[in-house]
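Examination of the molecular architecture
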Amino acid sequence: DLQAQIGAGTTTGNFQTNRKEPIMRKVFKLDEIDCAVCAGKLEDAIKKLDGVQDAKINFLTQKLTLEAADEDFDNVLDAVVKLTAEVEPDCEILR
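**Some thoughts on the packing of aromatic side chains**
- Under the defined criterion, the tally for this structure stands at 1 aromatic pair.
- With a centroid separation of 6.4 Å and an interplanar angle of 20 degrees, the aromatic rings of F28 and F73 are classed as stacked. Here F28 is found in strand β1 (residues 23–31), whereas its partner F73 is found in helix α3 (residues 73–87), with 45 residues between them in sequence.
- Its relative accessible area of 1% is what places F73 among the buried residues.

And the structure:
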């Protein structure tokens, strides 16, 4: 029964397990993001990358907030940096 499966910590449908990976959230300065539309396009692309829990770009402050599993964060960040270079070649994530 569904209630027993949820209580046991298994995944069923859209329900998540009781186990949670520690999530890391870091904020990075963006250099040369030129317009709000570009920032939105980049944010949407970043959110689609494997391992990204959440991503927000604030065009006014020129900052990226990135959330990913703590153990995978460095690999996810490397993928975000590579994607940024492809989507917005003039933009750089300052580490």
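**Some points on a negative patch on the surface**
- A cluster of acidic residues, E21, D70, E71, D72 and D74, forms a negative patch at the surface.
- Tracing the backbone shows E71 in the loop between β3 (63–69) and α3.

**Things to note about the packing of helix α2 (residues 36–47) against α3**
- Contact geometry for α2 and α3: axes closest at 10 Å, N-to-C directions at 140 degrees. Between α2 and α3, the angle falls in the class oblique. Classified by chirality, the crossing of α3 by α2 is right-handed. Across the interface between the two elements, K41, L42, A45 and I46 of α2 pack against V80, L83, T84 and V87 of α3.
- Per-class residue counts for the contact of α2 with α3 are 6 nonpolar, 1 polar and 1 charged.

What counts as what
- Residues numbered from 1 in each chain as written.
- Predicted model: local features only at pLDDT ≥ 70, side-chain atom pairs only at ≥ 80, totals over all residues.
- Heavy atoms only, no water.
- Phe/Tyr/Trp six-rings, centres within 6.5 Å; stacked < 30°, edge-to-face > 60°.
- Helix = DSSP H or I, 4+ residues; strand = E, 2+ residues; numbered from the N terminus.
- Buried < 20%, exposed > 50% of the residue type's maximum accessible area, 1.4 Å probe, protein only.
- Patch = residues over 30% accessible without salt bridge, like charges linked within 9 Å, V, L, I, M, F, W, Y side chains within 5 Å.
- Areas by Shrake-Rupley, 256 points an atom, 1.4 Å probe, with all protein chains shown as cover.
- Salt bridge = Lys/Arg side-chain N within 4 Å of Asp/Glu carboxyl O.
- Lys, Arg positive; Asp, Glu negative; His and termini not counted.
- Charge placed at Lys NZ, Arg CZ, Asp CG, Glu CD.
- Axes fitted to C-alpha atoms, helices over the stretch in contact; angles between N-to-C directions.
- Parallel < 35°, antiparallel > 145°, perpendicular 65-115°, else oblique.
- Left-handed = near helix turned anticlockwise from the far one by under 90°.
- Contact = heavy atoms within 4.5 Å.
- Nonpolar A, V, L, I, M, F, W, Y, C, P; charged D, E, K, R; others polar.

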